[in-house]
Amino acid sequence: MKQALAFTTRALLTGLLIIVPIYLAILLLLKGMSSIAGLVRPLAALMPDWVPAETALSLLFVLVICFLVGVAVRTRAGHAVRDRVERTFFEKIPGYTLLRSLTQQMAGESRENVWKPALFKSDEGLLPAFIIEEFADGRYTVFVPSIPTPFAGAVYVLDASRVHPLDIPFSEALKTVSRWGSGAKDLVAAMEKGRSAPGTEPAPRTGVMPNK
């Protein structure tokens, strides 16, 4: 019963983290189209009645604005403004920092040294994990996700000897977690490749235990 309840809770949280941002984005898109409808109505009146011109032009106008904003924030000035707005407003929204970090990691554009794929050496075996931060003394704060839900799990503070950072993309590690451990052999291979680099000792082969 407890396992079923835990699975249901994790699945619900995962669904919310995916659906809520999409739902809010659609609401904002529709709100923007509604606000612009009055501006494009004179132009839409010139088109045939069978063409949903007002809706199409409103959507096009909003998409053009989004494109221009996206281009602007890639400039140095736009980047500074975006960071200031994020620190002032968006980072106060619960979950925003997490979603931003995950999105940037998946897009390969993260500027933060967080969510680095790793393998955690537990008493039972190796577990897929993500390094959240590193201590000055070499210890790590590690997030171990619950399989197959990557957004729920446990946080540990571990000695460096129990954490094996992996030189692989974040998305590859995330796929392994979401696919019930399928692809874990690639994580172990990445660990062994890093350990067998010049100046290090080869790591012994070991299996990966799924997180329960």
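This report concerns the structure included in the present document. It should be emphasised that the depicted structure is a prediction, and the values quoted were computed from it without experimental measurement.

### Comments concerning the pattern of salt bridges
Line of reasoning, step 1. Taken as a whole and judged by the stated rule, the model has 3 salt bridges.
Line of reasoning, step 2. With a shortest N-O distance of 3.8 Å, Arg162 and Asp123 are connected by a salt bridge. Residue Arg162 is found in the loop between strand 4 (149-158) and strand 5 (163-165), and its partner Asp123 is found in the loop between strand 1 (116-121) and strand 2 (126-134); the two are separated by 39 residues along the sequence.
Line of reasoning, step 3. Residue class for Asp123 comes out exposed when judged on its relative accessible area of 78%.
Line of reasoning, step 4. One salt bridge connects Arg139 with Asp137, and the closest N-O pair in it is separated by 2.9 Å.

### Digging into the nonpolar core
Line of reasoning, step 1. The biggest cluster of nonpolar side chains holds 14 residues, and the ones touching the most others in it are Leu119, Phe130, Leu166 and Ile168.
Line of reasoning, step 2. Per element, the largest residue contribution to this core is 4 residues, and it comes from helix 6 (residues 184-195).
Line of reasoning, step 3. Leaving out residues up to four positions away in the same chain, Leu166 has contacts with Lys116, Pro117, Ala118, Leu119, Leu187, Ala190 and Met191.

### Digging into the pairing of strand 2
Line of reasoning, step 1. Both strand 1 and strand 2 contribute to a ladder of 6 bridges, which runs antiparallel. Within the sheet, the bridge partner assigned to Leu119 lies in strand 2 and is Pro128.
Line of reasoning, step 2. In terms of strand pairing, strand 2 meets strand 3 (residues 140-146) through 4 bridges, oriented antiparallel. When the sheet's bridge partners are listed, Phe130 is paired in strand 3 with Phe143.
Line of reasoning, step 3. Counting the residues between successive antiparallel strands, the hairpin from strand 2 to strand 3 contains 5 residues, one of them, Gly138, with a positive phi of roughly 100°.

### Concerning helix 5 (residues 170-178)
Line of reasoning, step 1. Along helix 5, the residues that are buried comprise Phe170, Ala173, Leu174, Thr176 and Val177. Around the axis of helix 5, the buried residues are gathered within 155° of arc, so they sit on the same side.

### Brief notes about the packing of aromatic side chains
Pairs of aromatic rings are described using the distance from one ring centre to the other and the angle between the two planes.
Line of reasoning, step 1. Applying the stated criterion across every chain, the model contains 1 aromatic pair.
Line of reasoning, step 2. For Arg139, the ring lying beneath its charged end belongs to Phe135, and the centroid distance is 4.8 Å.

### Focus: helix 2 (residues 53-72)
Line of reasoning, step 1. End to end, helix 2 covers 28 Å across 20 residues, agreeing with the expected 28 Å (1.5 Å per residue, within 8%).
Line of reasoning, step 2. Considered for burial, the residues of helix 2 that qualify are Ala53, Leu57, Ser58 and Val62. Down the axis of helix 2, the buried side of the element spans an arc of 160°, and every buried residue falls inside it. Seen from the open side of helix 2, the exposed residues pointing more than 90 degrees away from its buried face are Leu60 and Phe67.

### Quick word on the side chain of Ser58
Line of reasoning, step 1. As for its position among the elements, Ser58 is in helix 2.
Line of reasoning, step 2. Ser58 has contacts with Met33, Ile36, Ala37 and Val40, leaving out every residue within four places of it along the chain.

### Describing the pairing of strand 1
Line of reasoning, step 1. Taking the residues that link successive antiparallel strands as the turn, the strand 1-strand 2 hairpin has 4 residues, and the phi of Gly125 there is positive, at about 160°.
Line of reasoning, step 2. In this structure, strand 1 lies alongside strand 5, joined through 3 bridges in antiparallel fashion. Bridging across to strand 5, Leu119 finds its partner in His164.

### Focus on a nonpolar patch on the surface
Line of reasoning, step 1. A surface patch of nonpolar side chains, amounting to about 1000 Å² of accessible area, comprises Leu12, Leu16, Ile18, Ile19, Val20, Ile22, Tyr23, Leu24, Ile26, Leu27 and Leu30.
Line of reasoning, step 2. With respect to the element layout, Ile18 can be found in helix 1 (residues 2-44).

The rules behind the values
- All residue numbers refer to position in the chain's written sequence, counted from 1.
- In keeping with the model being predicted, local features are shown solely for residues with a pLDDT of at least 70 and side-chain atom pairs are shown and tallied solely at 80 or more, while totals for entire chains, interfaces and linings include all residues.
- Here the side-chain values reflect all heavy atoms present in the structure, with hydrogen atoms and water set aside.
- When a carboxyl oxygen of Asp or Glu is within 4 Å of a side-chain nitrogen of Lys or Arg, the pair counts as a salt bridge.
- Strands are runs of DSSP state E lasting at least 2 residues, helices are runs of H or I lasting at least 4, and numbering of each runs from the N terminus.
- The classification of residues rests on relative accessible area computed with a 1.4 Å probe and restricted to protein chains. Under 20% of the type maximum is buried, over 50% is exposed, and intermediate values are partly exposed.
- Here, nonpolar core refers to any group of buried Ala, Val, Leu, Ile, Met, Phe, Trp, Tyr and Cys residues whose side-chain atoms link them within 4.5 Å.
- Throughout, a residue-residue contact means that at least one pair of heavy atoms, one from each residue, lies within 4.5 Å.
- The pairing criterion for strands is at least two bridges between them, as found by DSSP.
- In this description, one arc is meant: the one made by directions from the helix axis to the C-beta atoms.
- Under the pairing criterion, centres of Phe, Tyr and Trp rings, with the six-membered ring standing for Trp, must be within 6.5 Å; the plane angle then separates stacked pairs below 30 degrees from edge-to-face pairs above 60, leaving the rest tilted.
- Think of it as a cone above the ring: NZ of Lys or CZ of Arg counts as a charge over the ring if it is within 6 Å of the ring centre and within 35 degrees of the ring normal.
- A helix is expected to reach a length of 1.5 Å times the quantity of its residues less one.
- Every patch collects residues that have over 30% relative accessible area and no salt bridge, joining them within 9 Å if they carry like charges and within 5 Å if they are nonpolar side chains (Val, Leu, Ile, Met, Phe, Trp, Tyr).
- Each accessible area is a Shrake-Rupley result for a 1.4 Å probe, and residues are judged covered by the shown protein chains and nothing else.

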